[in-house]
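Structural features, examined
Each chain, written out:
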Amino acid sequence: MEQQSNNIIHVDLDNFQQVILETSQHKLVLVDFWADWCEPCKNLMPVLEKLAAERPDDLVLAKVNCDEQQQIAMQFGVRSLPTVILVKDGQPVDGFAGVQSETEIRTLLDKHLPSPADGLLEQARAALAQSDVQQAFSLAKQALELESERSDIKFVLIECFIELKRISEARELLETIGLVDQDATYQSLKGRIELAEEAAESPEIKALQQTLAQNPDDMDVKVKLAVQLQQNGRAEEALSLLLEVLRKDLNFGEARRIMLDSLNALPEGDALASQYRRKFYSLLY
């Protein structure tokens, strides 16, 4: 098989089945029908090669020299050059004849290629399957920043929040899911959140809250309550209490160390971590 790079391939009868039928089961195959005498073909080919080089994991450029591979051209019903046909799962799904601009071809490919958010979501799910919740959280968050209305991304991020015991944030994100997407996954996550909310009100937390209500300036109780809240996934409440203590006394007990440990426990890219790091560092400097 003659090959210019991992995803730019010259197709003939020998590799036709492998490239067009088998490869297209897991990648989009861009079949370019061209000939040496065709000047428009020569103008189009560098554009197609550039686009293929940008998406090596998702796209294969299959070049068919119609002078040498007339049988393949006839099988696809090619009548003019250049002709480009997109093949997915062994079947033509789109295409065009003649020369098109790079922008027009990108728009066509975008309809059939996975989006960057899809790739991040797939990686997030894989990380969750490996119990790497922090990595899954960071990836899902990036995906949601790219496509903020997608419920499938939100579901993965909600699961991360639950695993991280960040139940209030899980609940908040769940409430943004529209009625049309409230499927079995939604109901499962909702049930897990409700169970976690009940478990989060531990006797230790309730007792410390009562003590603090009676002695609202007791910084030792605030630190102890922050530790309990952190252990029960109520990170924002914990950080807020610790910040109150440090604003009054930057060197109070273990408050500074606990604050740093709490911040470091948050996943990379977490907005909560960024928010409280800025507040904490403003006290230090």
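Where an unreviewed UniProt entry is consulted, the chain appears under the name Thioredoxin, with the organism given as Lacimicrobium alkaliphilum.

Here the focus is the pattern of salt bridges. Opposite charge on two side chains makes pairing possible when the charged atoms of those side chains draw close. Across all of its chains, the model carries 22 salt bridges by this definition. Residue D94 pairs with K111 through a salt bridge whose shortest N-O separation is 3.4 Å. Within this pair, whereas D94 is found in strand β6 (residues 91-97), its partner K111 is found in the loop between α4 (102-110) and α5 (116-129), the two being separated by 17 residues in sequence. Residue class for D94 comes out partly exposed when judged on its relative accessible area of 24%. A salt bridge links E159 to R192; the shortest N-O distance between them is 3.8 Å. Residue E159 is located in helix α7 (residues 151-163), and its partner R192 is located in helix α9 (residues 184-200); the two are separated by 33 residues in the primary sequence.

This paragraph deals with the side chain of D32. Relative to the elements of secondary structure, D32 occurs in strand β3 (residues 28-34). Despite its burial, D32 remains without a salt bridge, the nearest opposite charge being carried by K63 at 6.3 Å. Apart from the residues within four sequence positions on either side, D32 is in contact with L44, M45, L48, L61, A62, K63, V64, T83 and V84.

Another aspect to go through is the pairing of β6. Where strand β5 (residues 83-88) and β6 come together, six bridges link them in antiparallel fashion. Residue pairing across strands places T83 opposite A97, the latter belonging to β6. Counting the residues between successive antiparallel strands, the hairpin from β5 to β6 contains two residues, one of them, D89, with a positive phi of roughly 55°.

In this structure, L157, I158 and I193 are the most contacted members of the largest nonpolar core, which totals 30 residues. Other than its neighbours up to four places away in sequence, L157 contacts F137, A140, K141, L144 and L173. Core analysis: the second largest hydrophobic core is formed by 26 residues, L208, A238, L242 and A255 among them.

β3 sits mainly inside the fold: seven of its seven residues count as buried. Side chains L28, L30, D32 and W34 project from β3 onto one buried face, and the interleaved V29, V31 and F33 project onto a second face that is buried too. Here seven bridges tie β3 to strand β4 (residues 59-65), and the two strands are oriented parallel to one another. Across the sheet, residue D32 finds its bridge partner in β4, namely K63. With respect to chirality, the unit in which β3 leads through helix α2 (residues 39-54) into the neighbouring parallel β4 is right-handed. Where β3 lies against β5, five bridges are found, and the strand directions are antiparallel. The partner of L30 across the bridge, within β5, is L86.

Here we take up unusual backbone geometry. Glycine aside, negative phi is the norm for most residues, and most peptide bonds take the trans geometry. The amide bond that connects L81 to the next residue, P82, takes the cis arrangement and shows omega of -5°. Positive phi is not limited to glycine here, since D89 has a value of about 55°. In this structure, D89 sits in the loop between β5 and β6. At S131, a position not held by glycine, the phi torsion is positive, near 65°.

Enumeration according to the criterion identifies one disulfide in this entry. There is a disulfide in this structure between C38 and C41, and the S-S distance comes to 2.4 Å. On the sign convention where negative is left-handed, the bridge of C38 and C41, at about 80° about the S-S bond, is right-handed. On the basis of relative accessibility, which here comes to 3%, the residue C38 falls in the buried class. Unpaired in this structure, C66 has its nearest cysteine sulfur neighbour in C41, at a distance of 7.5 Å. The exposure class of C66 is buried, given its relative accessible area of 11%.

This brings us to a nonpolar patch on the surface. Where nonpolar side chains cluster on the molecular surface, the patch consists of L260, Y281 and Y285 and spans about 370 Å² of accessible area. For L260, the location among the structural elements is in helix α13 (residues 255-264).

Our focus in this paragraph is the environment of P92. Mapped onto the secondary structure, P92 falls in strand β6. A relative accessible area of 51% places P92 in the exposed class. A sequence separation of 62 residues divides P92 from L30, and the C-alpha atoms of the two residues are 9.7 Å apart. If we skip the residues at most four places from it in the chain, P92 touches F76, I85, L86 and V87.

Conventions and cut-offs
- Residues numbered from 1 in each chain as written.
- Predicted model: local features only at pLDDT ≥ 70, side-chain atom pairs only at ≥ 80, totals over all residues.
- Heavy atoms only, no water.
- Salt bridge = Lys/Arg side-chain N within 4 Å of Asp/Glu carboxyl O.
- Helix = DSSP H or I, 4+ residues; strand = E, 2+ residues; numbered from the N terminus.
- Buried < 20%, exposed > 50% of the residue type's maximum accessible area, 1.4 Å probe, protein only.
- Lys, Arg positive; Asp, Glu negative; His and termini not counted.
- Contact = heavy atoms within 4.5 Å.
- Pairing = 2+ DSSP bridges.
- Core = buried A, V, L, I, M, F, W, Y, C linked by side-chain atoms within 4.5 Å.
- Right-handed = clockwise from strand over helix to strand, strands pointing away.
- Disulfide = S-S within 2.5 Å.
- Patch = residues over 30% accessible without salt bridge, like charges linked within 9 Å, V, L, I, M, F, W, Y side chains within 5 Å.
- Areas by Shrake-Rupley, 256 points an atom, 1.4 Å probe, with all protein chains shown as cover.

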